[in-house]
Amino acid sequence: MNSLDYGFSWIALHGRTSALIVGAVGIAAACRICLETEQAKLQRAERNRKKELRTLADRISTYGRNVHQRYPTGDVVVSERDLAEQFRKRPDDVARALNLLLGEQKVQRAPLNGYWKLNV
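Residues numbered from 1 in each chain as written. Predicted model: local features only at pLDDT ≥ 70, side-chain atom pairs only at ≥ 80, totals over all residues. Heavy atoms only, no water.

1. Structural notes on the environment of G64
- Mapped onto the secondary structure, G64 falls in helix α3 (residues 38-70).
- Measuring from C-alpha to C-alpha, the distance between G64 and N119 comes to 7.8 Å, with 55 residues separating the pair along the chain.
- With sequence-adjacent residues up to four places away left out, G64 is seen in contact with V76, L118 and V120. (Helix = DSSP H or I, 4+ residues; strand = E, 2+ residues; numbered from the N terminus. Contact = heavy atoms within 4.5 Å.)

Structural data, given as C-alpha cells:
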C-alpha cells in the first residue's frame, strides 16, 4: 500500500481527528493573517506586484517570440493598448512591464508614441 492510499484510509478511519487537524490549521492560518503587521502586509503586497510584473514581462517576451516565428521576415512592433487587451491587463501595468524589458534590452521604443519594437 503506498503512502497516498495509507493517508486516505487513515482519514477515513479517523474522521473526527482529521476534522480537528484541518480546523486547527485553518484557525492558525486565519490568526497569522489577522495578526500580520502592516509592514509585513505591505512587503507581501510589494512582492506579489513584482512577481506579477515579472510574469507579465515574460508573457510579453514570449508573445513577441511567437509572433516572430509566425512572421520571421519583419520586426515585431506592438502598442501598449493592444498588449493590454491581449493580456487583459491595465495599460499602465503593461507599460511598467515593457520598461522592465527595456532595461533588459529585450524591447526598444518605436518612433510612434505608445509603440514598442520587441527584440527577438
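2. As for the environment of C34
- Assignment of secondary structure puts C34 in helix α2 (residues 15-34).
- In this structure C34 comes out as exposed when scored by relative accessible area, which is 63%. (Buried < 20%, exposed > 50% of the residue type's maximum accessible area, 1.4 Å probe, protein only.)

3. Comments concerning the sheet that holds strand β2 (residues 107-109)
- Reading across the sheet, the three strands line up as β1-β3-β2 and stay open at both edges, with antiparallel pairing between neighbours. Edge positions in the open sheet fall to β1 (76-79) and β2, since each of these has one partner strand only. Taken over all neighbouring pairs, the strand axes of this sheet differ in orientation by 30 degrees on average, direction set aside.
- As paired elements, β2 and strand β3 (residues 115-118) share three bridges and run antiparallel to each other. (Pairing = 2+ DSSP bridges. Axes fitted to C-alpha atoms, helices over the stretch in contact; angles between N-to-C directions.)

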